[in-house]
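Chain by chain, the residues run as shown.
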Amino acid sequence: MKSPHLFSFIVEALTHNGAVIAQHLANIGRRNALERTAYLLLELTARLQRVGAVTCNGFECPLTQYDLADALGLTPIHVNRMLRELRERKFLEFRQGYVRLLDHAGLMKLAGFDGDYIEN
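Fair warning: this is a prediction, and the values are worked out from it, not measured in the lab. (Residues numbered from 1 in each chain as written. Predicted model: local features only at pLDDT ≥ 70, side-chain atom pairs only at ≥ 80, totals over all residues. Heavy atoms only, no water.)

## Some remarks on the environment of Asn80
Counted only if it meets this: Helix and strand assignments come from DSSP, with helices taken as H or I runs of at least 4 residues and strands as E runs of at least 2, each series counted from the N terminus.
Mapped onto the fold, Asn80 is located in helix H4 (residues 76–88). Separated by twelve residues in sequence, Asn80 and Leu68 place their C-alpha atoms 9.6 Å apart.

## Some thoughts on the nonpolar core
Test applied: Take the buried residues of types Ala, Val, Leu, Ile, Met, Phe, Trp, Tyr and Cys, join any two whose side-chain atoms come within 4.5 Å, and each joined set is a nonpolar core. For every residue, the accessible area (1.4 Å probe, protein chains only) is compared with the maximum for its type, and the residue is labelled buried under 20%, exposed over 50%, or partly exposed between those bounds. Here, two residues are considered to be in contact whenever any of their heavy atoms come within 4.5 Å of each other.
Core analysis: the biggest nonpolar cluster contains 28 residues, and Leu86 and Leu107 have the highest contact counts within it. For this core, the secondary-structure elements that each account for two or more residues are helix H2 (33–50), helix H3 (65–72), H4, strand E2 (92–95), strand E3 (98–101) and helix H5 (104–111). Residue contributions to this core peak at eight residues, all from H2. In contact with Leu107, other than residues within four places in its own chain, are Ala38, Leu42, Leu86, Phe91, Leu92 and Leu101.

## Points about the packing of H2 against H3
Operational definition: Structural elements are reduced to axes, namely lines fitted to C-alpha atoms, with helices fitted over the stretch in contact, and the angle between N-to-C directions of any two is expressed from 0 to 180 degrees. Angular relationships are summarised with four words: roughly parallel below 35 degrees, roughly antiparallel beyond 145, roughly perpendicular across 65 to 115, and oblique for the angles in between. We call Asp, Glu, Lys and Arg charged. Ala, Val, Leu, Ile, Met, Phe, Trp, Tyr, Cys and Pro are nonpolar, and the rest, Gly among them, are polar.
The contact between H2 and H3 brings their axes to 11 Å, and the two run at 110°. In terms of their interaxial angle, H2 and H3 are classed as roughly perpendicular. Between H2 and H3, the contacting residues are Arg36, Thr37 and Leu40 on the first element and Leu68, Ala71 and Leu72 on the second. Its residues placed into classes, the contact of H2 with H3 shows four nonpolar, one polar and one charged.

## Focus: the side chain of Thr45
Tracing the backbone through its elements, the reader meets Thr45 in helix H2. In this view, Thr45 contacts Val54, Phe59, Leu101 and His104; residues no more than four positions away in its chain are not counted.

## Focus: the sheet that holds strand E1 (residues 58–60)
Using the following cut-off: Pairing between strands is defined by DSSP: at least two bridges between them are needed.
If you trace the three strands from one edge of the open sheet to the other, you get E1-E3-E2, paired in antiparallel fashion. Only two strands of the sheet have a single neighbouring strand rather than two, namely E1 and E2. The mean inter-strand angle of the sheet, taken between neighbouring strand axes irrespective of direction, is 10°. One ladder, built from four bridges, connects E2 with E3; its direction is antiparallel. Paired with Phe94 across the strands is Val99, a residue of E3.

## Details of the pairing of E2
Across the two faces of E2 the burial differs, with Leu92 and Phe94 buried and Glu93 and Arg95 not buried at all. Between the end of E2 and the start of E3, which pair antiparallel, lie two residues, with Gln96 showing a positive phi angle near 50°.

## Structural notes on the pattern of salt bridges
Spelled out, the test is: Whenever Lys or Arg places a side-chain nitrogen within 4 Å of a carboxyl oxygen from Asp or Glu, that contact is recorded as a salt bridge.
Counting across every chain of the model gives four salt bridges. Ionic pairing is found between Glu43 and Arg47, a salt bridge with its closest N-O pair at 3.0 Å. Of the two residues, Glu43 and Arg47 are both situated in helix H2; the distance of four residues between them amounts to about one turn of the helix. A salt bridge links Glu88 to Arg84, with the shortest nitrogen-to-oxygen separation between them at 3.9 Å. With a gap of four residues between them, Glu88 and Arg84 both fall in helix H4, about one helical turn apart. Accessibility expressed as a relative area gives 55% for Glu88, which makes it exposed.

In C-alpha cells, the structure reads:
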C-alpha cells in the first residue's frame, strides 16, 4: 500500500458517513413527528455549536417551516403544530428565524438524541 494514511482517512470518512446515514434513516423510520422535529433542531444545534454559531442557548435559523417540512417528510402545517407543541411543552421557541432552547436536556431525552456521530 502506497499511502496507508490516505486509506485510513477514507475508511474513517466512509464510517462517519455511514453513521450519519443510519441516524437519518432512524429519524425518519422510528421517530414520530414531534421527535423528528426535535431531533432535527438538536442536530442543527450540535453542528452549529461546532463552528461557534450558538449563543445564549440559541441560534439563527433561516429555514422556513416549508424547509423543515421537506427535511422531515411532513407537511408545513404539521411542522407548525410540532413547533407549537415543543413551545407549549417549554422545550424551545422558534420565532422570526431564531431558535431558543429552553430545556436542552429535556429535548434530547424526548428526541432520543445522541450527537456522538456528529463529533467524528
